[in-house]
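Overview (structure and organization)
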Amino acid sequence: YGEISLKDIDQVAKSSFPLCMRHLFEKLREDHHLKHGGRMQLGLFLKGVGLKLDDALAFWKAEFSRKVGAERFDKEYAYGIRHNYGKEGKRTDYTPYSCQKIISSTPGVGDHHGCPYRHFSEENLRAALDKMGVGNRAVQDVMDKVRNRHYQLACTLTFEAIHGASCDAGINHPNQYYNDSKNILE
Ligand code: SF4
């Protein structure tokens, strides 16, 4: 894994995050809050991307403070972030979630985690793909894969459409999507 600094994170989210993480990232920026499932899915991904613990705390605090206040963040949410980095509890160094794990999760009302190819309505997915810059033709191909429940293939086609490059191995992990994207863009 490389490293990522806070000043680059918005730019990189746009260019190299898979849709599942981009959606969580945008919701966090918009609502200044994410429920537990979202904090886990995005938080561990960001750790995998190379966001250092101190930067992660600053990142989450900047958003959550606007919703619940800095004091409540320190009391209720900072622990979870340190925990993800293996600094609390059993001190396990948790690994980022794979696509399989994310696809088989069951987000409830108000949750933003999960895999958009699996969990978004067709309308919302089309809108999200459009916003990512996927052309009409490619959107049709993605929707065909979704209808056949081939979510990771749908994500792979999205990757290929956005990057104008093939991804022969297919997408099986959000951090792999990120790394492959960086390799192409850098
Ligand atoms: Fe994320 Fe994987 Fe779904 Fe792509 S296929 S959006 S990387 S969970």
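Structural data are supplied above this passage.
Attention here is on the structure that accompanies the text. (Residues numbered from 1 in each chain as written. Predicted model: local features only at pLDDT ≥ 70, side-chain atom pairs only at ≥ 80, totals over all residues. Heavy atoms only, no water.)

**Comments concerning the overall build of the protein chain**
Put simply, the rule is: Counting from the N terminus, the helices are the DSSP runs of H or I reaching at least four residues and the strands are the DSSP runs of E reaching at least two. The globule rule used here is 2.2 Å times the number of residues to the 0.38 power, and the radius of gyration it is set against is calculated over C-alpha atoms. Working rule for contacts: check all heavy atoms of both residues, and any pair within 4.5 Å makes them a contact. We get accessible surface area from the Shrake-Rupley algorithm with a probe of 1.4 Å; when it comes to residues, only the shown protein chains can shield them. Note that His is not counted, nor are the chain ends; the positive residues are Lys and Arg, and the negative ones are Asp and Glu. Here the site of a charge means NZ on Lys, CZ on Arg, CG on Asp, or CD on Glu.
Each helix and strand in the protein chain was counted, giving 11 helices and zero strands. Along the protein chain, helices (α) and strands (β) appear in the sequence α-α-α-α-α-α-α-α-α-α-α when read from the amino end. Its C-alpha atoms give the protein chain a radius of gyration of 16 Å, near enough to 16 Å, the size a compact globule of 186 residues would have. Put simply, 59% of the contacts in the protein chain that link residues at least 6 apart link residues at least 24 apart. Counting every atom, the protein chain has about 9,800 Å² of accessible surface; 47% of that belongs to carbon and sulfur. Averaging the locations of the 27 positively and 24 negatively charged side chains of the protein chain gives two centres separated by 4 Å.

**Section: the side chain of Ser-16**
Formally: Think of a polar contact as two N or O atoms within 3.5 Å of one another; within protein, one of them needs to be a possible hydrogen donor and the other a possible acceptor, and neighboring residues in sequence only count if both atoms come from side chains.
Topologically, Ser-16 is positioned in helix α1 (residues 9-16). In this structure the side chain of Ser-16 is engaged in a polar contact, spanning 3.4 Å, whose partner is the side chain of Ser-15. Apart from the residues within four sequence positions on either side, Ser-16 is in contact with Tyr-177, Tyr-178, Ser-181, Lys-182 and Leu-185.

**Structural notes on the packing of helix α2 (residues 19-31) against helix α8 (residues 122-132)**
Threshold: Convention adopted: a line fitted to C-alpha atoms gives each axis, helices being fitted over their contacting stretch, and angles between N-to-C directions are expressed from 0 to 180 degrees. By the definition adopted for this analysis, an angle is roughly parallel if under 35 degrees, roughly antiparallel if over 145, roughly perpendicular if from 65 to 115, and oblique otherwise. Gly falls in the polar group here, along with every residue not listed as nonpolar (Ala, Val, Leu, Ile, Met, Phe, Trp, Tyr, Cys, Pro) or charged (Asp, Glu, Lys, Arg).
For the pair α2 and α8, interaxial distance at closest approach is 12 Å and the crossing angle is 90 degrees. The pairing of α2 with α8 is recorded here as roughly perpendicular in orientation. Two secondary-structure elements touch here, α2 through Leu-19, Arg-22 and Glu-26 and α8 through Leu-125, Ala-128, Leu-129, Lys-131 and Met-132. A class-by-class count of the residues in the contact of α2 with α8 yields five nonpolar, no polar and three charged.

**Description of the packing of α8 against helix α9 (residues 136-147)**
Heads up, the condition is: A crossing counts as left-handed when the near helix is turned anticlockwise from the far one by less than a right angle, and as right-handed when that turn is clockwise.
Here α8 crosses α9 at 145 degrees, and the two axes come no closer than 11 Å. Between α8 and α9 lies a crossing of right-handed hand. Contact residues: α8 offers Glu-122, Leu-125, Arg-126 and Leu-129, while α9 offers Val-139, Gln-140, Val-142, Met-143, Val-146 and Arg-147. Looking at the contact of α8 with α9 residue by residue, the classes come out as six nonpolar, one polar and three charged.

**Topic: the pattern of salt bridges**
Defined as follows: What makes a salt bridge here is a side-chain nitrogen of Lys or Arg within 4 Å of a carboxyl oxygen of Asp or Glu, nothing more. Relative accessibility thresholds used throughout: buried, under 20% of the residue-type maximum; exposed, over 50%; partly exposed, between the two (1.4 Å probe, protein chains only).
This structure, assessed with the given rule, holds 15 salt bridges. Salt-bridge contacts for Arg-22 lead to Glu-26; the nearest nitrogen and oxygen are separated by 3.7 Å. Of the two residues, Arg-22 and Glu-26 both sit in helix α2, four residues apart, roughly one turn of that helix. The exposure class assigned to Glu-26 is partly exposed, which follows from its relative accessible area of 27%. The partner of Asp-144 in a salt bridge is Arg-147, and the shortest N-O contact between them spans 3.1 Å. Of this pair, Asp-144 and Arg-147 are both found in helix α9, three residues apart, which corresponds to roughly one turn of the helix. Using a relative accessible area of 39% as the deciding quantity, one classes Asp-144 as partly exposed. Among the ionic contacts, a cluster of salt bridges with common partners joins Glu-122, Arg-126, Asp-144 and Arg-147.

**Brief notes about the layout of surface pockets**
Going by this rule: Only protein atoms enter the 1 Å grid used here. Points where a 1.4 Å probe fits but cannot escape make up a cavity, open sets with protein on both sides within 12 Å along at least five of seven lines make up a pocket, and a residue lines them when an atom lies within 4 Å of a point. Grid points are joined across faces, edges and corners, and a volume is the space filled by probe spheres set on the points.
Approximately 370 Å³ is the volume found for the largest pocket. Along the walls of the largest pocket sit 20 residues, with His-23, Lys-27, His-112, Phe-120 and Asn-124 positioned nearest its centre. Among the elements of the structure, α2, α7 (116-119) and α8 are those that each provide at least two residues to the lining of the largest pocket. Residue contributions to the lining of the largest pocket peak at six residues, all from α2. Residues that form the lining of the largest pocket fall into these classes: eight nonpolar, six polar and six charged.

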